[in-house]
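Next come the chains, spelled out residue by residue.
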Amino acid sequence: MDSLTGLLVSGGAPLAAALVFLEQFGLPAPGMPALIVAGALAREGRLSAGELLVASVGLSVLADGFWYGFGMRFGDRAIRLAATLSASPGIVARTESLTRRYGAMLLVIGRFVPPLSMVSVPLAGAAGLPLRTFLLFDVAGAVALTAGQVALV
């Protein structure tokens, strides 16, 4: 954790946001730990909490926008790829079931469960969820998760 702290002190909020982007994009990056550490640094006055929140939410929604568009364009292939990246067997069936139950709200809830967040976004695109609805719920989820992670300290 000390090496992550050192990196975040030098890289600041943009580095933390970039790690969130990579994680949300499906790559093995320490996005959530980076937010927690960056939140602690913001409390100490070493990082800007506002910059951290805006950059992390913005890049998270950007990554999700890619997956949403990928889901709209490629449907089941995009969902299968996201499921493979989530490394959670049976996640597609569970996500589809939860989507029927919670609808677009799963984009908020799923943020807190990594395999769900990885599959729910391309599933929303493949299901034809309107872009405006997608953005509303995706941004709400990104703000809730990011603010929660930053405030954990």
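Residues numbered from 1 in each chain as written. Predicted model: local features only at pLDDT ≥ 70, side-chain atom pairs only at ≥ 80, totals over all residues. Heavy atoms only, no water.

A. The pattern of salt bridges, seen in detail. Taken as a whole, this structure holds three salt bridges when the rule is applied. The closest approach of N and O atoms between R111 and D138, which form a salt bridge, is 2.9 Å. Residue R111 is found in the loop between helix 6 (106–109) and helix 7 (114–126), and its partner D138 is found in helix 8 (residues 131–151); the two are separated by 27 residues along the sequence. Just as R111 is buried, D138 falls in that class too. Three or more residues are tied together by salt bridges with common partners; here these are D64, R111 and D138. (Salt bridge = Lys/Arg side-chain N within 4 Å of Asp/Glu carboxyl O. Helix = DSSP H or I, 4+ residues; strand = E, 2+ residues; numbered from the N terminus. Buried < 20%, exposed > 50% of the residue type's maximum accessible area, 1.4 Å probe, protein only.)

B. Molecular detail of the environment of P130. With respect to the helices and strands, the residue P130 is situated in the loop between helix 7 and helix 8. Here the alpha-carbon distance between P130 and A104, two residues 26 residues apart in the chain, equals 10.0 Å.

C. Representation of the environment of I91. With respect to the element layout, I91 can be found in helix 5 (residues 91–102). Residue class for I91 comes out buried when judged on its relative accessible area of 4%. Once the C-alpha coordinates of I91 and P28 are considered, the two residues, 63 residues apart in sequence, prove to be 18 Å apart.

D. Layout of the nonpolar core. L4, L8, L35, A38 and L52 are the most contacted members of the largest nonpolar core, which totals 18 residues. If one sorts the elements of this core by residue count, helix 2 (residues 31–43) sits on top with seven residues. Leave out the neighbours within four places in its chain, and L4 touches L19, P33, A34 and V37. In terms of nonpolar packing, the next biggest core, distinct from the first, is built from 17 residues, W67, Y68, A82 and L129 among them. (Core = buried A, V, L, I, M, F, W, Y, C linked by side-chain atoms within 4.5 Å. Contact = heavy atoms within 4.5 Å.)

E. Quick look at helix 4 (residues 76–86). Regarding helix 4, the residues found buried are A78, I79, A82, A83 and S86. Looking straight down helix 4, one finds its buried side chains confined to an arc of 135°; they lie on one side. Those residues of helix 4 that are exposed and angled more than 90 degrees off the buried face are R77, R80 and T84. Contacts made by the buried residues of helix 4 are with helix 3 (49–74), helix 5 and helix 7. Immediately beyond the C-terminal end of helix 4, within one or two residues, lies A87, with a positive phi of roughly 55°. (Arc of directions from axis to C-beta.)

F. Inspection of the side chain of S88 at higher detail. When you line up the elements, S88 lands in the loop between helix 4 and helix 5. Given a relative accessible area of 15%, S88 falls into the buried group. Not counting residues within four places of it along the chain, the set of residues in contact with S88 comprises A83, R94 and P115.

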